[in-house]
Amino acid sequence: LNMHDESSMWNYKSKNFIEQRLSRSWTVDMIHETYETVKCLIKNPSFINEFSNFDSNYYPVTKIVIIREPFGNIMSLFKKHWFSDAVINAGNRGEIKKVGGKNFPLWLDDKDVNLFFSLDEMGRCIFYYNHILDKINQNFIKHKFDIMLSYENLCNYSHVTVMNLARKLELLPGELTSKLI
């Protein structure tokens, strides 16, 4: 739901469609039925903090992690101003917690708040990258990722990478996938 991200559903779906989906109330049976029939992708690096919940609370989940080289990743965050004061204060990224009337990134440990806010925007991007990398390392040891992909391979060798991924996930790429890769 991050409106500032190029892959945001706000860029592809109507406001009415999104509001209708968000307002829908699902029963437990509906959720179970959906998990049995649907493959779902969550593209959100901060979500790695929740990997342990997947192992115990949901149907079997194939965990895929895409690793991007540091410079490109940090520059992408910086270009999008993810950690500018304006974006954090607006609280519209959906990953914000309020403490004492001030917005904080949800993934930020309480012990790191002062350090994080003492950094400039680029420093915050680097801090976040290091945080996510630490979480990947911790979660890799505990939960084992099923598939690890290189972001650079995904960009530079899209066809081979996507076809290999589809085979591992037992999916048949459709017409749109074929056009995109």
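Residues numbered from 1 in each chain as written. Predicted model: local features only at pLDDT ≥ 70, side-chain atom pairs only at ≥ 80, totals over all residues. Heavy atoms only, no water.

1. Topic: the overall build of the protein
The secondary structure content of the protein amounts to ten helices and four strands. Listing each helix as α and each strand as β along the protein from the N terminus yields α-α-α-β-α-α-β-β-α-α-β-α-α-α. Buried positions account for 28% of the 181 residues belonging to the protein. Total accessible area on the protein stands at roughly 12600 Å², and carbon and sulfur atoms take up 56% of it. (Helix = DSSP H or I, 4+ residues; strand = E, 2+ residues; numbered from the N terminus. Buried < 20%, exposed > 50% of the residue type's maximum accessible area, 1.4 Å probe, protein only. Areas by Shrake-Rupley, 256 points an atom, 1.4 Å probe, with all protein chains shown as cover.)

2. Some words on helix 4 (residues 70-79)
Listed in full, the buried residues belonging to helix 4 are Gly72, Ile74, Ser76 and Leu77. Measuring from the backbone nitrogen of phenylalanine 71 back to the side-chain oxygen at the start of helix 4 gives 2.9 Å, which picks out glutamate 69 as the cap. Trailing helix 4 by a residue or two, histidine 81 shows a phi angle of about 60°, which is positive. (Polar contact = N/O pair within 3.5 Å; in protein donor to acceptor, adjacent residues only side chain to side chain.)

3. Notes on a nonpolar patch on the surface
A contiguous nonpolar surface patch, about 250 Å² in accessible area, is contributed by Trp26, Met30 and Ile31. Mapped onto the fold, methionine 30 is located in helix 2 (residues 28-37). (Patch = residues over 30% accessible without salt bridge, like charges linked within 9 Å, V, L, I, M, F, W, Y side chains within 5 Å. Salt bridge = Lys/Arg side-chain N within 4 Å of Asp/Glu carboxyl O.)

4. So, the nonpolar core
The nonpolar side chains of a soluble globular protein tend to be buried with one another. Ranked by size, the top nonpolar core spans 19 residues in total, and within it Leu77, Phe83, Trp107, Leu108, Phe116, Phe117 and Tyr128 carry the most contacts. The element that contributes the greatest number of residues to this core is helix 7 (residues 121-143), accounting for six residues. (Core = buried A, V, L, I, M, F, W, Y, C linked by side-chain atoms within 4.5 Å.)

5. Focus: the pairing of strand 2 (residues 96-99)
The pairing of strand 2 with strand 3 (residues 102-105) spans four bridges and is classified as antiparallel. Across the sheet, lysine 97 pairs through a bridge with phenylalanine 104, a residue of strand 3. The turn joining strand 2 and strand 3, which pair antiparallel and follow one another in sequence, is formed by two residues; a positive phi near 60° is taken by glycine 100. (Pairing = 2+ DSSP bridges.)

6. Here we look at helix 9 (residues 158-168)
For an α-helix the count is 3.6 residues per turn, leaving residues at separations of three or four pointing the same way. Taken residue by residue, helix 9 has Thr161, Val162, Leu165 and Ala166 as its buried positions. Take helix 9 and look down its axis: the buried residues cluster within an arc of 130°, on one side only. Exposed and oriented more than 90 degrees from the buried face of helix 9 are Val160, Arg167 and Lys168. Taken together, the buried residues of helix 9 touch strand 1 (64-67), strand 4 (147-150), helix 8 (151-156) and helix 10 (175-180). Note on helix 9: the residue one or two positions beyond its end, glutamate 170, has a positive phi of about 60°. (Arc of directions from axis to C-beta. Contact = heavy atoms within 4.5 Å.)

7. Description of the pattern of salt bridges
Applying the stated rule across the entire model yields four salt bridges. Lysine 111 serves as the salt-bridge partner of aspartate 112, at 3.2 Å between the closest nitrogen and oxygen. The class of aspartate 112 is buried, set by a relative accessible area of 16%. Note that lysine 179 and glutamate 175 form a salt bridge whose closest N and O atoms lie 3.6 Å from each other. Placement of the pair is lysine 179 and glutamate 175 together in helix 10, with a separation of four residues, close to one helical turn.

8. A short note on the side chain of aspartate 112
If you trace the backbone, aspartate 112 turns up in the loop between strand 3 and helix 6 (113-118). In this structure the side chain of aspartate 112 is engaged in a polar contact, spanning 3.2 Å, whose partner is the side chain of lysine 111.

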